[in-house]
Amino acid sequence: MKLITITGLSGAGKDTVARIMSEMTDWPIICSYTTRPMREGEQEGREHHFVKEFNVDPDEVLAYTQYGGYEYWATVDQVKDIAIYIVDEVGLIDLKDRHPEIQVYSFYIKSSTVTRLARGVKLSRILRDVERLNAVMGIKFDRRIFNNGGMSKEDLRYKVAQYVCTIPFVMEKLSPFGETSSTF
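Residues numbered from 1 in each chain as written. Predicted model: local features only at pLDDT ≥ 70, side-chain atom pairs only at ≥ 80, totals over all residues. Heavy atoms only, no water.

Draft legend 1. A look at the overall build of the protein. Of the regular secondary structure elements, the protein holds six helices and eight strands. Counting helices and strands in the order they occur from the N terminus, the protein gives β-α-β-β-β-β-β-α-β-α-α-β-α-α. Along the first, second and third principal axes, the C-alpha set of the protein runs to 50 × 40 × 30 Å. A total of 184 residues make up the protein; the buried ones form 43% of that total. Residue pairs at least 24 apart in sequence account for 68% of intrachain contacts in the protein once pairs closer than 6 positions are excluded. (Helix = DSSP H or I, 4+ residues; strand = E, 2+ residues; numbered from the N terminus. Buried < 20%, exposed > 50% of the residue type's maximum accessible area, 1.4 Å probe, protein only. Contact = heavy atoms within 4.5 Å.)

Draft legend 2. Expanded view of the side chain of Asp129. Summarising the element assignment, Asp129 is placed in helix α4 (residues 123-137). Exposure remark for Asp129: the relative accessible area of 0% places this residue in the buried category. At a separation of 2.8 Å, a polar atom in the side chain of Asp129 contacts the main-chain amide nitrogen of Ser10. (Polar contact = N/O pair within 3.5 Å; in protein donor to acceptor, adjacent residues only side chain to side chain.)

Draft legend 3. Spotlight on the pairing of strand β1 (residues 2-8). With respect to burial, β1 is a largely interior element, six of its seven residues being buried. Strand direction decides the pairing type here: β1 and strand β6 (residues 82-86), joined by five bridges, are parallel. Residue pairing for β6: Thr5 is matched across the bridge by Tyr85. (Pairing = 2+ DSSP bridges.)

Draft legend 4. Representation of helix α1 (residues 14-25). Between the first and last C-alpha of α1 there are 16 Å, a value that for twelve residues agrees with the 16 Å anticipated at 1.5 Å per step. All of the buried residues in α1 are Lys14, Val17, Ala18, Ile20, Met21, Ser22 and Thr25. Immediately downstream of α1, the backbone of Asp26 shows phi near 70 degrees, a positive value. (Expected span 1.5 Å × (residues − 1).)

Remember, this is a structural readout, not a statement about activity or role.
Put into structure tokens, the structure is as follows:
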């Protein structure tokens, strides 16, 4: 099993990067479960599976985290071969601890506070996210994407495409003769 994880603060563009990557690769995006109530504009099975309580056998849990007083998790059976998983920092640590057998390639998506405010993220959520920054300090991400307000969708797509080509298991398939991603 291989997982491409996408982590970042509220409004950084995690969902956008995941959708772009999925469109390019046909890798499915894992839809996590949460005890959080559905927000306006969300749809069951698109952003999350909205449930009342966490009642999963611990052996079936892919990753688990709590955020904002709610629980979030995914299950092992949601990964067939390769999948994309949007997960917070604590969930990423939990995933790696629970499943060292899974090959994880991690992306961290960053945006400035001004950009995130302009995208509609409430200041209260941004301030709550500041606490999460401490968790990021100890995590080594394989790639970081700075998705600020000035980047066009086409530029973001190109950046994601560049980084997909540098994922080790993708590079193995693309460069059997030792070519580098810059020659593709």
